Amino acid sequence: MSGLSTKRLMKELADIQSKGTPEGIILLSADSMEEWVFLISVLGEETIYKGETFALRMKFGNRYPIDVPEVTFLANEQYQPPLHPHVYSNGHICASILGNEWSPVLNAVAICITMQSMLASNKKKERPEGNDRYVRTAPSNPKLTRWHYDDDTV
Amino acid sequence: MDMSNHPLLSSMDEPPPFPPSHPHLRRLDRSVVCQICKEPFQAPVSIGCGHSFCSSCIRSSLDVMKKCPSCNEPALEGQIRRNRALEEITDSWEESRPIIYELAQPPPTKKRRASIQESNSKPSSSSGTKRLKPNSSREGSGSRSQSPIKSRRSDDGDHNSLNGNGEMEDEEDDEVQELTENDEAPCPICQATLPISSIPLHIEKGCPPPKTKTNGNGVGGRKGNQKADWKKVFSGQGLGGKSKDKEVEMKRITKPNYSLATPADLRSILSEYSLPTTGDKPTLIARVQEWIILFNSNLDTSHRSSLSALRAKLSDSENSKKRDKEKGKDEMVNQLGSKDGLQKYAKEKKGEFERLRKEIIERDRKRREQEEGKGRGRDNAIEVE
Ligand SMILES: [Zn+2]
Ligand SMILES: [Zn+2]
Ligand SMILES: [Zn+2]
């Protein structure tokens with residue numbers, strides 16, 4: 001990590017420490033400066049994800065925040081990615097904020113909030129079209145995927 | 001829970017926030033912060049839409065996307081204008097902040113004198129390293145309300161202690177009390193030889209080269225040619241013919257067309273600024289790009305860094321990128337840390353991070369338990385702390 005990205009992340013961490021995270025978002029681990037995991041749940045009675053918790057992993061490179069971090073939902077024995085038309089079963093997410101809409105003024109918590117509201121606004125539990133095909137051929141780093149963003153993407 | 005006197009956190013430059021009873025002061029604090037790096041502006045510039053950022057922040061961002069990071073309006077590098085007023089405001093706010101911070105405290109303490117003295121000394125613009133003055137006064141503000149030792153440190157904070165003007169030895173005992181060794185060790189990033197206790201701050205300031213003995217007992221030859229090249233750069237020998245800063249034209253560098261430029265073109269740009277010319281084309285491009293950002297943004301401020309300080313930064317970022325590819329930073333520091341002090345530094349930094357992390361996770365765990373206790377998905381906010 002370069003001095004700049006480390007410093008920025010230290011600041012974000014200190015911020016989380018002093019101000020906390022928004023409701024439904026919890027920092028589960030930050031085992032290194034490079035990789036953080038947040039738990040995300042959708043609040044309220046309306047949501048189709050009531051009672052579910054998802055783990056969102058972020059990997060930060062040395063050009064963060066100029067470059068977007070690599071963000072995926074964990075898919076393991078403990079956590080499953082949400083059933084959502086923009087979330088593949090391997091945890092990859094098709095969201096413009098993680099691609100061409102990323103801005104270096106954003107931060108880790110902002111990504112969590114966006115993911116949370118992407119889930120909150122969803123009415124139908126389903127995988128994206130072509131999920132199986134994508135998952136079979138997907139690179140492990142979703143940033144290497146050429147995403148096509150729908151209009152309704154958050 | 002008192003982290004305010006930890007050397008790494010204080011060098012992290014995090015002044016205590018104003019109390020909530022002063023929202024306007026909090027707002028003022030925020031308004032001198034760049035939204036990209038979240039630090040007070042360094043060499044602030046504005047772009048077409050009117051938003052302002054540090055020159056190097058927006059230059060890096062525009063290299064990646066041609067729009068304003070704040071409002072998404074299309075933006076080009078050519079729109080960048082130095083924002084002198086904002087720089088003046090940022091500087092004077094940081095200078096006054098300790099005083100105003102003191103005044104904003106509910107019970108006025110008798111320590112006020114110290115802070116007034118502190119703010120009396122004028123910032124010295126002679127040194128190359130940027131923003132030392134504001135940093136040190138902020139640091140002062142962080143430590144004032146504590147022990148007498150700390151207020152002494154605030155007073156010392158005004159001497160540009162770590163700008164590499166050769167007076168470091170006297171001051172870092174005050175600067176970083178916890179690390180008392182006077183041993184010297186190579187900086188893990190730029191390899192410059194420094195007293196161990198001053199290394200953390202040296203790194204935070206972007207590796208300003210110490211005046212002399214750059215290649216003293218540094219870790220030799222580990223990186224082959226490139227390392228040797230950087231060493232030459234820092235020892236003032238330069239690589240090409242003209243190595244004196246004076247001879248370099250202080251004029252914005254125009255970006256070459258990277259797809260058309262030959263390695264020879266790139267090397268000639270690099271040698272013009274006495275930079276290493278080793279590496280393949282992608283390496284050369286990355287070095288030229290980074291240098292142009294550093295060099296051009298240095299023209300957007302009245303706190304100009306010396307060319308050697310810029311070179312140190314370039315070397316720093318190049319090393320950290322390489323390191324990123326290879327392995328984690330801690331490992332690197334450990335590898336290089338042939339001396340106890342460096343290891344201690346690495347451990348401390350790790351420890352600090354570890355502690356922050358544990359605190360947050362512990363707090364979150366409690367919160368989760370509470371939430372679960374009440375049944376999931378309730379929307380009443382749980383305030384922690
Ligand atoms: Zn900035
Ligand atoms: Zn804008
Ligand atoms: Zn004018």
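Just so it is clear, the structure is predicted and the values come from calculations on it, not from any experiment.

Student: What am I meant to see in the packing of aromatic side chains here?
Tutor: By convention here, two paired aromatic rings are described through the distance between centres and the angle between planes. All names here are of chain A. If you walk through the whole model with that rule in mind, you get 14 aromatic pairs over all chains. Note on Phe60 and Tyr64: the rings are 4.7 Å apart at their centroids and 65° apart in plane angle, and the pair reads as edge-to-face. No difference in accessibility class separates Phe60 from Tyr64, as the two residues are buried.

Student: Quick question: what am I supposed to make of the sheet that holds strand β3 (residues 81-82) of chain B here?
Tutor: In any sheet, the strands associate via hydrogen bonds between backbone groups, in a parallel or an antiparallel arrangement. Residue and element names in this part refer to chain B. If you walk across this open sheet you meet the three strands as β2-β1-β3, and the pairing is antiparallel. What marks the edges here is a single partner per strand, and that holds for β2 (52-54) and β3. Sheet topology note: the strand β1 (residues 44-46)/β3 ladder contains two bridges and is antiparallel. Of the residues in β3, the one forming a bridge with Ser46 is Arg81. Its contacts with the sheet place helix α3 (residues 55-64) against β1 and β2, and it is angled at close to 100° to β2.

Student: Would you mind showing me how to read the UniProt feature "domain: RING-type" (unreviewed entry) in chain B here?
Tutor: As recorded in UniProt, the sites labelled "domain: RING-type" (unreviewed entry) are residues 34-72 of chain B. Across residues 34-72 of chain B one finds 26% helix and 15% strand; the C-alpha atoms that close the span lie 16 Å apart.

Student: I would appreciate a short explanation of the pattern of salt bridges in the present structure.
Tutor: Pairing between side chains of opposite charge can happen when their charged atoms approach one another. Following the criterion strictly, the structure yields 16 salt bridges over all chains and no others. Between A:Lys11 and B:Glu39 there is a salt bridge, with its nearest N and O atoms 3.2 Å apart. Residue A:Lys11 is found in helix α1 (residues 3-19), and its partner B:Glu39 is found in the loop between α2 (23-31) and β1; the two belong to separate chains. The exposure class assigned to A:Lys11 is buried, which follows from its relative accessible area of 13%. B:Glu39 gets classed as buried once you look at its relative accessible area, which sits at 8%. Residues B:Arg287 and B:Glu318 are paired through a salt bridge, measuring 2.8 Å at the closest nitrogen-oxygen approach. Separated by 31 residues along the polypeptide, B:Arg287 in helix α12 (residues 281-298) and B:Glu318 in helix α13 (residues 307-326) bring together distant segments of the chain. We classify B:Arg287 as buried; its relative accessible area is 1%. By sharing partners, the salt bridges in this structure join B:Arg59, B:Asp63, B:Glu77, B:Arg252, B:Lys255 and B:Asp300 into a single network.

Student: Whenever I open this one, the side chain of B:Ser55 confuses me. Can you help?
Tutor: Residue and element names in this part refer to chain B. As for its placement among the helices and strands, Ser55 is situated in helix α3. Judged by its relative accessible area of 0%, Ser55 falls in the buried class. Among the polar contacts listed, one links the side chain of Ser55 to the side chain of Arg59, at a separation of 2.9 Å. Once residues within four sequence positions are removed from consideration, Ser55 is found in contact with Gln42, Ala43, Val45, Asn296, Ser297 and Asp300.

Student: Whenever I open this one, the coordination of the zinc ion (ligand 2) confuses me. Can you help?
Tutor: Any two of four tetrahedral donors ideally make an angle of 109.5 degrees at the metal, while pairs among six octahedral donors ideally make 90 or 180 degrees. Residue and element names in this part refer to chain B. Looking at the zinc ion (ligand 2), the protein donor atoms are Cys49 (SG), His51 (ND1), Cys68 (SG) and Cys71 (SG), and they sit 2.0 to 2.3 Å from it. Viewed at the metal, the four donor atoms of the zinc ion (ligand 2) are separated by angles of 106 to 111°, and the geometry they form is tetrahedral. In the primary structure, the donors to the zinc ion (ligand 2) are separated according to the pattern C-x1-H-x16-C-x2-C. Taken together, the residues span a long stretch of sequence, with His51 in the loop between β1 and β2 and Cys68 in the loop between α3 and β3 at a distance of 17 residues. In this structure Cys68 comes out as buried when scored by relative accessible area, which is 0%.

Cut-offs and rules
The residue count restarts for each chain, going from 1 along the sequence in the order it is written. Note on labels: chains are lettered from A, ligands numbered from 1, in written order. Where local features are concerned, this predicted model is filtered to residues with pLDDT of at least 70; where side-chain atom pairs are given and counted, the filter is 80 or more; whole-chain, interface and lining totals use all residues. The basis for every side-chain value is the complete set of non-hydrogen atoms in the structure, without hydrogens or water. Working definition: a ring pair exists when centres of Phe, Tyr or Trp rings (six-membered ring for Trp) sit within 6.5 Å. Plane angles under 30 degrees give stacked, over 60 give edge-to-face, the rest tilted. Note on classification: 1.4 Å probe, protein chains only; a residue is buried when its accessible area is under 20% of the maximum for its type, exposed when over 50%, partly exposed between these limits. Two strands make a pair as long as DSSP finds a minimum of two bridges between them. Here a strand is any run of E in DSSP of at least two residues, a helix any run of H or I of at least four, and the numbering for each starts at the N terminus. Contacts: residue pairs with any heavy atoms within 4.5 Å of one another. Every angle, taken between N-to-C directions, lies between 0 and 180 degrees, and every axis is a line fitted to C-alpha atoms, over only the stretch in contact when it is a helix. UniProt positions are given in the numbering used here, feature names are shortened, and annotations may be inferred rather than shown by experiment. In the sections that follow, a salt bridge refers to a side-chain nitrogen of Lys or Arg positioned within 4 Å of a carboxyl oxygen of Asp or Glu. Any pair of nitrogen or oxygen atoms within 3.5 Å is treated as a polar contact; in protein, a donor-acceptor pairing is required on top of that, and neighbouring residues in sequence qualify only through side-chain atoms on both sides. In this description, a donor is an N, O or S atom within 2.8 Å of the metal centre, a cutoff extended to 3.2 Å for sodium, potassium and calcium. Water is not part of the atom list, which can make sites seem incomplete. By the criteria applied here, four donors are tetrahedral when all angles lie between 85 and 135 degrees, four are square planar and six octahedral when opposite donors are over 155 degrees apart and every other angle lies between 65 and 115, and any other arrangement is irregular.

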